[in-house]
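Notes for the structure review
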Amino acid sequence: MNAPASTTPRPLAKPRDHYRAFRSIGTRWMDNDIYGHVNNVVYYSWFDTAVNAWLIEQGALDIHAGEVIGLVIETQCNYFAPLAFPQTIEAGLRVAHLGSSSVRYEVGLFAQGEPLAAACGHFVHVYVDRETRRPVPLPAVLKNTLQTIV
């Protein structure tokens, strides 16, 4: 018996204009796997790097002394084209949802200069009190910074 056809549309690679901010990330020799391309787990590391580095650079997140920290509660990625060392990756960011204590980021990973993402995914942070680990409202500086890439 054949499995029923999926009603979910197949995801498509997003173009650069889908994203509001970009950051370059250099691949490393160790990122490649035995198949000659970047291993899938590295993509999630790039999501984390792109989001948090951008927040730190914008002055919206203090990872060492801030009272509020972001905890990852969900990630997802679709792959469209291989990436490999020694390519430079350009990570595109945008905020897809801005809640009272959570943010859903969309991230596109592009080979340098390519018009379509090699991978697209999302990354959800819930912002919590550093000590209690309980959700807290987004601090004003964080919320205002995030609104620039909605």
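Preceding this paragraph is the structure being described.
Summarised in this report is the structure supplied together with it. (Residues numbered from 1 in each chain as written. Predicted model: local features only at pLDDT ≥ 70, side-chain atom pairs only at ≥ 80, totals over all residues. Heavy atoms only, no water.)

Our next topic: helix 2 (residues 140-147). Among all positions in helix 2, only Leu-142, Thr-145 and Leu-146 are buried. Looking down the long axis of helix 2, one finds its buried residues gathered within 95° of arc, a one-sided arrangement. The elements touched by buried residues of helix 2 are helix 1 (40-57), strand 3 (88-98), strand 4 (102-111) and strand 5 (119-129). (Buried < 20%, exposed > 50% of the residue type's maximum accessible area, 1.4 Å probe, protein only. Helix = DSSP H or I, 4+ residues; strand = E, 2+ residues; numbered from the N terminus. Arc of directions from axis to C-beta. Contact = heavy atoms within 4.5 Å.)

What follows covers the pattern of salt bridges. The full count for this structure, using the stated rule, is 4 salt bridges. A salt bridge links Arg-23 to Glu-57, with the shortest nitrogen-to-oxygen separation between them at 2.0 Å. Within this pair, whereas Arg-23 is found in strand 1 (residues 21-26), its partner Glu-57 is found in helix 1, the two being separated by 34 residues in sequence. (Salt bridge = Lys/Arg side-chain N within 4 Å of Asp/Glu carboxyl O.)

Bringing the nonpolar core into the picture now. Counting residues in each nonpolar core, the largest one holds 34 residues, and the members touching the most others are Leu-55, Leu-83, Tyr-105, Leu-109 and Leu-146. For this core, the secondary-structure elements that each account for two or more residues are strand 1, helix 1, strand 2 (68-79), strand 3, strand 4, strand 5 and helix 2. Top contributing element to this core by residue count: helix 1, with 8 residues. (Core = buried A, V, L, I, M, F, W, Y, C linked by side-chain atoms within 4.5 Å.)

A few words now on the side chain of Glu-106. Residue position: Glu-106 is located in strand 4. Of the polar contacts made by the side chain of Glu-106, one reaches the side chain of His-18; its length is 2.6 Å. When neighbours within four sequence positions are excluded, Glu-106 is seen to be in contact with His-18, Tyr-19, Gly-92, Leu-93, Arg-94, Ala-96, Gly-121 and His-122. (Polar contact = N/O pair within 3.5 Å; in protein donor to acceptor, adjacent residues only side chain to side chain.)

A few words on the side chain of His-122. Tracing the backbone shows His-122 in strand 5. For His-122, a relative accessible area of 7% gives the class buried. Polar contacts involving the side chain of His-122 include one to the side chain of Arg-104, which spans 2.7 Å. In contact with His-122, not counting residues within four places along its chain, are Phe-47, Glu-74, Thr-75, Gln-76, Arg-104, Tyr-105 and Glu-106.

Within a sheet, each strand pairs with its neighbour through backbone hydrogen bonds, oriented either parallel or antiparallel. As summarised here, the arrangement of the 5 strands in space is 1-3-4-5-2, forming an open sheet in which the pairing is antiparallel. Looking at which strands have only one partner, the edges of the open sheet turn out to be strand 1 and strand 2. Averaged over all adjacent pairs, the angle separating strand axes in this sheet is 25°, with direction ignored. One ladder, built from 11 bridges, connects strand 2 with strand 5; its direction is antiparallel. Its bridge partner being in strand 5, Gly-70 is matched across the sheet by Tyr-127. Packing of helix 1 onto the sheet brings it into contact with strand 1, strand 2, strand 3, strand 4 and strand 5, and relative to strand 5 it is tilted by some 55°. (Pairing = 2+ DSSP bridges. Axes fitted to C-alpha atoms, helices over the stretch in contact; angles between N-to-C directions.)

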